[in-house]
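As a plain string of letters, each chain reads:
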Amino acid sequence: MKKQKRIGLYFGTFNPIHMGHLIIANHMVEFSDLDEVWFVITPHNPHKKKKNLLEDYHRMAMVELAIDDYDKLQASNIEFGLPQPNYTVNTLAHLEEKYPSRDFCLIMGEDNLKSLHKWKNYEVILERYSIYVYPRISEGVVETQFDNHEKIIKVDAPIIELSSTFIRKGVKESKNVRPMLSPEVWKYLDEMNFYR
């Protein structure tokens, strides 16, 4: 019997996607048992007006440009068609329905693991899905219930202190942020005049 493809889901607004995201995703797919990593782009929440959040299709386009050369990385707009506000547990159910032959897992930074106990139906998520955690420098502590949990896999990925917020601020202040972005993404957001 053919082994199910193990897919790590990397959720985010990717506003914009930067080298840190690529380094983490690529590390996860090369140095763990994941076969692919899918960037799941979080749509604009209509109830939350975020003036600097680019339209969904622009963020999707930048993710596609950034991962074009990476065979094991994919972009997913699965959440664009789901009712808002959307919860991870619902997205997982939709993906399972759409791709029954895939084995889905979550990828998250240690900072998110610290707030996992506040997620909707987090017990269901933990019961059904593995969570691959990469290190982040952040305040607070991980709930003891998640210490040595069989479904939580800590991956010794590099700690990347790079944020989309920092990049947007840099662009606004006319700083050269090009090394933080793939050339294709930089070209796209420069030509579109984004974040200025």
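Per an unreviewed UniProt entry, the protein is named Probable nicotinate-nucleotide adenylyltransferase, and its organism is Aequorivita xiaoshiensis. UniProt lists a comment for the protein under the heading Pathway (unreviewed entry), and it reads "Cofactor biosynthesis; NAD(+) biosynthesis; deamido-NAD(+) from nicotinate D-ribonucleotide: step 1/1."

Note on placement: Asn86 falls in the loop between β3 (73-76) and α3 (88-98). At 3.0 Å, the side chain of Asn86 forms a polar contact with the side chain of Glu79. Those residues in contact with Asn86 that lie beyond four places of it in its chain are Glu79 and Thr91.

Glancing now at the environment of Phe39. Turning to its location among the elements, Phe39 is positioned in strand β2 (residues 36-41). For Phe39 and Pro179, which are 140 residues apart along the polypeptide, the C-alpha to C-alpha distance reads 21 Å. Non-local contacts of Phe39, meaning those with residues more than four positions away in its chain, are made with Tyr10, Phe14, Ile17, His21, Leu22, Ala25, Val63, Ile67, Leu73, Gln74, Ala75 and Ser76.

Our next topic: the packing of aromatic side chains. Applying the stated criterion across every chain yields a total of 10 aromatic pairs. Judged by centre distance (6.2 Å) and plane angle (50°), the ring pair of Tyr188 and Phe194 falls under tilted. Accessibility classification places Tyr188 together with Phe194 in one group, the buried group. Here the aromatic residues Tyr10, Phe14, Phe39 and Tyr134 are joined through ring pairs into a cluster of three or more. Directly above the aromatic system of Tyr87 lies the positively charged group of Lys120, at a separation of 5.1 Å from the ring centroid.

What follows deals with the pattern of salt bridges. All chains considered together, the criterion is met by nine salt bridges. The closest approach of N and O atoms between Lys5 and Glu36, which form a salt bridge, is 2.8 Å. Linking Lys5 in strand β1 (residues 5-12) with Glu36 in strand β2, this pair joins segments that are 31 residues apart in sequence. Given the relative accessible area of 37%, Lys5 is considered partly exposed. The closest approach of N and O atoms between Asp190 and Arg196, which form a salt bridge, is 2.6 Å. By relative accessible area, Asp190 is classed as partly exposed at 31%. Classification of Arg196 by relative accessible area gives partly exposed; the value is 47%. One network of salt bridges, with partners in common, ties together Arg6, Asp33 and Asp103.

With that settled, consider the nonpolar core. Taken as a class, soluble globular proteins show a tendency for nonpolar side chains to be buried jointly. Ranked by internal contacts, the top residues of the largest apolar core, which has 38 residues, are Tyr10, Ile17, Met28, Val37, Phe39 and Leu189. Considering each element in turn, this core owes the most residues, six residues, to helix α2 (residues 56-67). The residues contacting Ile17, other than those within four sequence positions of it, are Leu22, Phe39, Met62, Val63, Ala66, Leu181 and Val185. Core analysis: the next-biggest nonpolar cluster, separate from the first, contains 22 residues, Ile78, Val89, Phe104 and Ile152 among them.

Further remarks concern the sheet that holds β2. Reading across from one edge, β3-β2-β1-β4-β5-β6 is the order of the six strands in this open sheet, with parallel pairing throughout. Looking along the sheet, the strands with just one partner apiece sit at the ends: β3 and β6 (152-154). Shown here is a sheet whose adjacent strand axes are inclined to one another by a mean of 30°, direction ignored. In this sheet, β3 lies alongside β2 in parallel orientation, the contact comprising four bridges. Each residue of the ladder has a partner; that of Phe39, found in β3, is Ala75. Along the sheet, α2 makes contact with β2 and β3, crossing β3 at roughly 170°. Its contacts with the sheet place α3 against β1, β2 and β4 (102-109), and it is angled at close to 155° to β4.

The rules behind each value
Residue numbers here run from 1 along each chain, matching the order of that chain's written sequence. Where totals are concerned, whole chains, interfaces and linings use all residues; where local detail is concerned, this predicted model gives features only for residues with pLDDT of at least 70, and gives and counts side-chain atom pairs only at 80 or more. Working from all heavy atoms in the structure, the side-chain values ignore hydrogens and water. UniProt positions are given in the numbering used here, feature names are shortened, and annotations may be inferred rather than shown by experiment. Secondary structure elements are defined from DSSP: runs of H or I of at least 4 residues count as helices, runs of E of at least 2 residues count as strands, and each element is numbered from the N terminus. Identification of polar contacts relies on pairs of N or O atoms within 3.5 Å, with a donor-acceptor requirement for protein atoms, meaning one able to donate a hydrogen and the other able to accept it, and with residues adjacent in sequence counted only if both atoms are side-chain atoms. For this analysis, residues touch if any pair of their heavy atoms sits within 4.5 Å. Under the pairing criterion, centres of Phe, Tyr and Trp rings, with the six-membered ring standing for Trp, must be within 6.5 Å; the plane angle then separates stacked pairs below 30 degrees from edge-to-face pairs above 60, leaving the rest tilted. Note on classification: 1.4 Å probe, protein chains only; a residue is buried when its accessible area is under 20% of the maximum for its type, exposed when over 50%, partly exposed between these limits. The rule for a charge over a ring is simple: NZ of Lys or CZ of Arg within 6 Å of the ring centre, and within 35 degrees of the ring normal. When a carboxyl oxygen of Asp or Glu lies within 4 Å of a side-chain nitrogen of Lys or Arg, that pair is called a salt bridge. The criterion is simple. A nonpolar core is a set of buried Ala, Val, Leu, Ile, Met, Phe, Trp, Tyr and Cys residues joined through side-chain atoms within 4.5 Å. By definition, two strands form a pair when at least two bridges between them are found by DSSP. For helices, the fitted line uses only the C-alpha atoms of the stretch in contact; every axis is such a line through C-alpha atoms, and the angle between N-to-C directions lies from 0 to 180 degrees.

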